[in-house]
Amino acid sequence: MRRLFGSVRARATVAATLVVAVVLVAAGTAVVLSLRANLIDRAGADAESAARKVAARLATGMSWDALDLPDDDDEPVQIVDGTGRVRAVSEDLESVSGTGTSGVRPSAGPAPAGGTLDDDAHLSSGEAVIDGDRGTYRWAAIEVKPRESEDDSDTGSGPDTGSGSGSGSDTGSSGGDSEAQAETDDDSDSDSDSGAGSEAEPGGDDDARTFTVFAGAPLDAADSAVRTALTVMLIGLPVLLAVVAAVTWAVTRRALRPVEGIRAELDAITGSRDLARRVPEPATHDEIAALARTTNATLAALQDAVDKQRRFVADASHELRSPIASLRTQLEVGAEHPEFLDLDGAVEDTVRLQHLAADLLLLARLDAGERPPDRPVRLADLVAREAAEHGLRARIEPERADGYEVRGSAPQLGRILGNLLDNARRHARTEVALALRQEGADAVVTVSDDGPGVPPAERDRVFERFVRLDDARTRDEGGAGLGLAIARDAAHRHGGSLVAGERPGGGAEFVLRVPLSG
């Protein structure tokens, strides 16, 4: 499994497919629920319209026979009075649920005497069996309340009761009769004829003259539409996800093709160790093209570093070979002819080898990124000491109580000053000057001489390793060409800088800047 999803292409395809699947399932669920809710609301509106039509006729006092209830399977109707007795139902209605009253056989009771319609319709869902066919319906209930009149308190009786199916039988009913007797009469009438009722003069309880009209609208079409939508989604969702996965796989493969080219070229460079090669750069302006450009820039920097390292090794070998060969020659001559042994020359070559080895070791430590210790150093004391060792008098203006305190390594800062003074004495005609001053938050040390100076085009190159601008001078007089390189690297390690310039009046001037502490 880990190998299967090890590639970026596979993970991107799976992720995109899962995201689309979640979105589609959520959207599909919302659509289905919204569709069902809308269809149910529409069915409820249809049921309410049918119920209001019947209730409006009932409110006019129309008799049960004249109500003309709908006999369509799409609009079943049930009328119930306030006592819960069924007063009229649609033709062929065999059973009903969801209306609160399951009866479908009309009972006798007071005839409609007119009334007012309730403004609010009460909706519910249930089932009904019409002519043997069972279905789900949305029911709307509209209540018809009797009008208030002075006769409501009178006791009346009527010999006739209206029938919900159009046929009737005569039943005497008195407003003063007991409820048990009324139930007995109603049951007797219902058993004799399911569609019969009796007409009576308006009177009796308000509950018996309050009617609720239940009209239904079928939900089978809504259920069918929802099932169809679900079927389409269940079939279309896998197909759509397959298309999304295929497109994502193809697009990701095309997008990552340059990455494979970069990887293959880097692998070839690693195998051949040829740092002159470069990875292909796409003609696009996206992140992969930026990666290729950055990779090539890294390869160029690596090649430059390796070339410098090779030149350094070659130059160091050459610089070491010369004094070693000279020392060997002197020793061989001294062994054969002791009277010709130049002890001073041998010592000088040995000292030169010692200094060269120390310079190479310091450069190696600087290249390794060694940071100087964070200790307080009185730069004024270092300047005065180096000036005294080179037979000079330093100019320090103005004097500071802290002695121009900086943070870093006293030996490395002293090495910077010593290398600069050695370089100035080597090229000066008559004068070397050393000065220390403050500029802003920096301590500034200047070392100048009245020699030939450094040409502007060479003022950066002079800090490269093993570079000697005076090709005519001998090696013994010119040094190994490491002093200025060491000085600038050490200055950078202390957060400062070292630049070459021109002395006023002619000659060279080297300016060292080091941040003051505090």
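Report follows, based on the coordinates. (Residues numbered from 1 in each chain as written. Predicted model: local features only at pLDDT ≥ 70, side-chain atom pairs only at ≥ 80, totals over all residues. Heavy atoms only, no water.)

Quick look at the overall build of the protein
Inference 1: The helix and strand inventory of the protein stands at nine helices and 18 strands.
Inference 2: With 518 residues in all, the protein has 37% of them scored as buried.
Inference 3: Put simply, 67% of the contacts in the protein that link residues at least 6 apart link residues at least 24 apart.
Inference 4: Accessible surface for the protein amounts to roughly 28700 Å². Of this, 52% is attributable to carbon and sulfur atoms. (Helix = DSSP H or I, 4+ residues; strand = E, 2+ residues; numbered from the N terminus. Buried < 20%, exposed > 50% of the residue type's maximum accessible area, 1.4 Å probe, protein only. Contact = heavy atoms within 4.5 Å. Areas by Shrake-Rupley, 256 points an atom, 1.4 Å probe, with all protein chains shown as cover.)

Things to note about the environment of Asp-220
Inference 1: Tracing the sequence through the fold places Asp-220 in helix α3 (residues 220-272).
Inference 2: Taking C-alpha positions, Asp-220 is 6.3 Å from Thr-136, a pair spaced 84 residues apart along the chain.
Inference 3: Among the polar contacts listed, one links the side chain of Asp-220 to the side chain of Thr-136, at a separation of 3.4 Å. (Polar contact = N/O pair within 3.5 Å; in protein donor to acceptor, adjacent residues only side chain to side chain.)

Considering the packing of helix α4 (residues 287-336) against helix α5 (residues 343-367)
Inference 1: Relative orientation of the contacting elements α4 and α5 amounts to 160 degrees, with a least axis distance of 9 Å. Taken together, α4 and α5 sit at an angle that is classed as roughly antiparallel. The two elements α4 and α5 cross, and the hand of that crossing is left-handed. Where α4 abuts α5, its residues Phe-312, Ala-316, Glu-319, Leu-320, Pro-323, Ile-324, Ser-326, Leu-327 and Gln-330 lie against Gly-345, Ala-346, Asp-349, Thr-350, Arg-352, Leu-353, Leu-356, Leu-360 and Leu-363. (Axes fitted to C-alpha atoms, helices over the stretch in contact; angles between N-to-C directions. Parallel < 35°, antiparallel > 145°, perpendicular 65-115°, else oblique. Left-handed = near helix turned anticlockwise from the far one by under 90°.)

Looking at the packing of aromatic side chains
Inference 1: Counted under the stated rule, the structure contains three aromatic pairs.
Inference 2: Here the aromatic rings of Trp-64 and Phe-211 are separated by 5.3 Å at their centres, their planes lie at 85 degrees, and the arrangement is edge-to-face. Of this pair, Trp-64 sits in the loop between α1 (8-59) and β1 (77-81) while Phe-211 is found in strand β11 (residues 211-218), placing the two residues 147 residues apart along the sequence. Accessibility assignment for this pair places Trp-64 and Phe-211 in one class, buried.
Inference 3: Both rings, one in Tyr-137 and one in Trp-139, keep their centres 6.0 Å apart while their planes meet at 40 degrees; by these two values the pair is tilted. There is no split in this pair, since Tyr-137 and Trp-139 are both buried.
Inference 4: For Arg-9, the ring lying beneath its charged end belongs to Trp-249, and the centroid distance is 4.8 Å. (Phe/Tyr/Trp six-rings, centres within 6.5 Å; stacked < 30°, edge-to-face > 60°. Lys NZ or Arg CZ within 6 Å of the ring centre and 35° of its normal.)

Some words on helix α7 (residues 410-427)
Inference 1: Across its 18 residues, α7 extends 26 Å between first and last C-alpha, which sits within 8% of the 26 Å expected from 1.5 Å per residue.
Inference 2: Considered for burial, the residues of α7 that qualify are Gln-412, Leu-413, Gly-414, Ile-416, Leu-417, Gly-418, Asn-419, Leu-420, Leu-421, Asn-423 and Ala-424. (Expected span 1.5 Å × (residues − 1).)

A short note on the nonpolar core
Inference 1: In terms of nonpolar packing, the biggest core is built from 35 residues, with Leu-379, Leu-436 and Phe-510 touching the most fellow members.
Inference 2: Elements that contribute at least two residues to this core include exactly α6 (379-389), α7, β15 (432-439), β16 (442-449), α9 (483-493), β17 (497-502) and β18 (508-515).
Inference 3: Broken down by element, this core gets its largest block of residues, six residues, from α7.
Inference 4: Not counting the four nearest positions on each side in its chain, Phe-510 is found in contact with Leu-420, Asn-423, Val-445, Thr-446, Val-447, Val-454, Phe-463, Leu-484, Leu-498, Val-499 and Ala-500.
Inference 5: Residues Ala-51, Trp-64, Ile-79 and Ala-140 belong to the second largest nonpolar core, which totals 23 residues. (Core = buried A, V, L, I, M, F, W, Y, C linked by side-chain atoms within 4.5 Å.)

Some thoughts on α5
Inference 1: Counted at 1.5 Å a residue, the expected span for α5 with its 25 residues is 36 Å, and the 36 Å between its end C-alpha atoms agrees.
Inference 2: All of the buried residues in α5 are Gly-345, Ala-346, Asp-349, Leu-353, Leu-356, Asp-359, Leu-360, Leu-362, Leu-363 and Leu-366.
Inference 3: Contact partners of the buried residues in α5: α4, α7 and α9.
Inference 4: After α5 finishes, the residue Gly-369 shows a positive phi value of roughly 85 degrees.

Quick look at the sheet that holds β16
Pairing between the strands of a sheet is mediated by backbone hydrogen bonds and can be parallel or antiparallel.
Inference 1: If you walk across this open sheet you meet the five strands as β13-β15-β16-β18-β17, and the pairing is mixed. The two strands at the open ends of the sheet, each matched to only one other strand, are β13 (395-396) and β17.
Inference 2: Across eight bridges, the pairing between β15 and β16 is antiparallel. Within the sheet, the bridge partner assigned to Ala-433 lies in β16 and is Ser-448.
Inference 3: In the packing of α7 onto the sheet, the strands contacted are β15, β16, β17 and β18, and the crossing angle to β16 comes to about 20 degrees.
Inference 4: This element, α9, spans β17 and β18 of the sheet and lies at about 130 degrees to β17. (Pairing = 2+ DSSP bridges.)

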